[in-house]
Amino acid sequence: MALTADTWPIAAAMLPFPTSMPPGGNDDALRAEWSRALGEVADAGFDSVDLTDSWVRCGDLGPAHLALLQEVLDEHDLRAISLSAIRRSVIDAAHGDDNLAYSHRTLEAAAQLGIGVVSFGLHQALTDEQRRALWFWTARGHEDRIDDVEARALAVRRFRELGAHAEELGLLVSLEMYEHTYLGTAASAVRLVEEIDNRAVGLNPDIGNLIRLHEPIEDWREMLTATLPYTNFWHVKNYLRDEDPASGVVTTFPASLESGLIDYRWAMREAVAAGFQGIICVEHYGGDGLSVSATNREYLRSRALPRREYALGSSRVEQQTDQVRR
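Residues numbered from 1 in each chain as written. Predicted model: local features only at pLDDT ≥ 70, side-chain atom pairs only at ≥ 80, totals over all residues. Heavy atoms only, no water.

Here we come to the overall build of the protein. Each helix and strand counted, the protein has 11 helices and 10 strands in total. In terms of C-alpha radius of gyration, the protein reaches 19 Å, essentially the compact-globule figure of 20 Å for 326 residues. Projected onto its principal axes, the C-alpha coordinates of the protein cover approximately 60 × 50 × 40 Å. Relative to its 326 residues, the protein shows a buried fraction of 56%. Across the protein, every contact between residues at least 6 apart in sequence was considered, and the portion connecting residues at least 24 apart equals 80%. Per element, the accessible surface of the protein, about 14,000 Å² overall, is 49% carbon and sulfur. Side-chain charges of the protein comprise 31 positive and 50 negative groups, with the mean position of each set lying 3 Å from the other. (Helix = DSSP H or I, 4+ residues; strand = E, 2+ residues; numbered from the N terminus. Rg over C-alpha atoms; globule rule 2.2 N^0.38 Å. Buried < 20%, exposed > 50% of the residue type's maximum accessible area, 1.4 Å probe, protein only. Contact = heavy atoms within 4.5 Å. Areas by Shrake-Rupley, 256 points an atom, 1.4 Å probe, with all protein chains shown as cover. Lys, Arg positive; Asp, Glu negative; His and termini not counted. Charge placed at Lys NZ, Arg CZ, Asp CG, Glu CD.)

This is the structure:
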């Protein structure tokens, strides 16, 4: 049965919370720290969570700590339904091999936690300049060389390898769109998925990462039209954007889903027409990010996601509902 506004799985990203990893084996302190964060998520009305690895690097946890994390999730009646591994590019010139090994461990950890989809990307660690900026996206970070055929081919091979591992574990892999990488434009991202050629590997069309840039951008509707047929997971966030044609000055600010540049009512309608039946992860930077994420969840359920029967399109990649039927 096709998902509806009431049944669609919506996860809270853990972006608003600081990194939390085992402090020298003090499991009681760790349990308390995890419980505080996950308790806030539950109190914000969420029943599902994305284990964003800026919070906890599940790929670096052993079986005992993964079991402890599951216990804390259960205590707060939360389900971990997705995992987003960020800034661990598998083609990083210095750390690519380590990041690939970490990505495989992350898939194994996701399987132990009963998570069905893991999102990877090609964005790399923030630079010092980005860390100093009020909004990190206003400073230039790493950029994949568009003319580097070997690096792009390596990305295809390594994501294909991760996709095969995910299939063995019964998981999906989703690739997050991000500026100035081989996943930085709609055409490049679609071509990458087609070259990987595994239906368990799709796109996470996080075009909020792109519309916030202080530079010329693709039309957001055109980006979604191209990528939604390949979408199997989705980070959703929005930004206000102003462009002054005379001076070329661009200004962007984080916004709620309903008030930013992207029309998510339109986007969700197009998504189901393209066959999307995946998990939605609500994100927000700045201020009380968790509360804005909760507002975004309610907007999706009450305004944007389908409340009536609809004709579901045919996706070009495997969907969460396909996993259930396996």
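Let us look at the side chain of N198. In this structure, N198 sits in the loop between α6 (186-196) and β6 (201-204). For N198, a relative accessible area of 14% gives the class buried. For N198, the side chain forms a polar contact with the side chain of E167, separated by 3.4 Å. Those residues within four positions of N198 in sequence are excluded, and the remaining contacts are G163, A164 and E167. (Polar contact = N/O pair within 3.5 Å; in protein donor to acceptor, adjacent residues only side chain to side chain.)

Not every positive phi belongs to a glycine, and R87 is a case in point at roughly 60°. Positive phi is not limited to glycine here, since D197 has a value of about 60°. Among the residues examined, D197 registers a relative accessible area of 66% and is labelled exposed.

A full pass over the atoms with the stated rule returns 15 salt bridges. For the salt bridge of R145 with D147, the shortest nitrogen-to-oxygen distance reads 3.2 Å. Each member of the pair, R145 as well as D147, carries the same accessibility label: exposed. Residue E283 is joined to K237 by a salt bridge in which the shortest nitrogen-to-oxygen separation is 2.8 Å. Of the two residues, E283 sits in the loop between β10 (279-282) and α10 (289-304) while K237 sits in the loop between β7 (233-236) and β8 (238-243), which places them 46 residues apart along the sequence. Residue E283 shares its accessibility class with K237, and that shared class is buried. (Salt bridge = Lys/Arg side-chain N within 4 Å of Asp/Glu carboxyl O.)

Looking at α6, one finds that the buried residues are A186, S188, A189, V190, L192, V193 and I196. Where α6 is buried, its residues touch α5 (149-169), β5 (172-176), β6 and α8 (220-227). Positive phi shows up at D197, right after α6, with a value of about 60°.

In this section: the sheet that holds strand β4 (residues 117-120). Read across the sheet, 8 strands follow the order β6-β5-β4-β3-β2-β1-β10-β7 without closing on themselves; strand pairing throughout is parallel. Strands with a single pairing partner mark the edges of an open sheet, and in this sheet they are β6 and β7. Here the strands of the sheet are splayed against their neighbours by 30° on average, with no regard to which way each runs. With 3 bridges connecting them, strand β3 (residues 79-84) and β4 associate as parallel partners. Within β4, the residue paired with S82 across the bridge is V117. (Pairing = 2+ DSSP bridges. Axes fitted to C-alpha atoms, helices over the stretch in contact; angles between N-to-C directions.)

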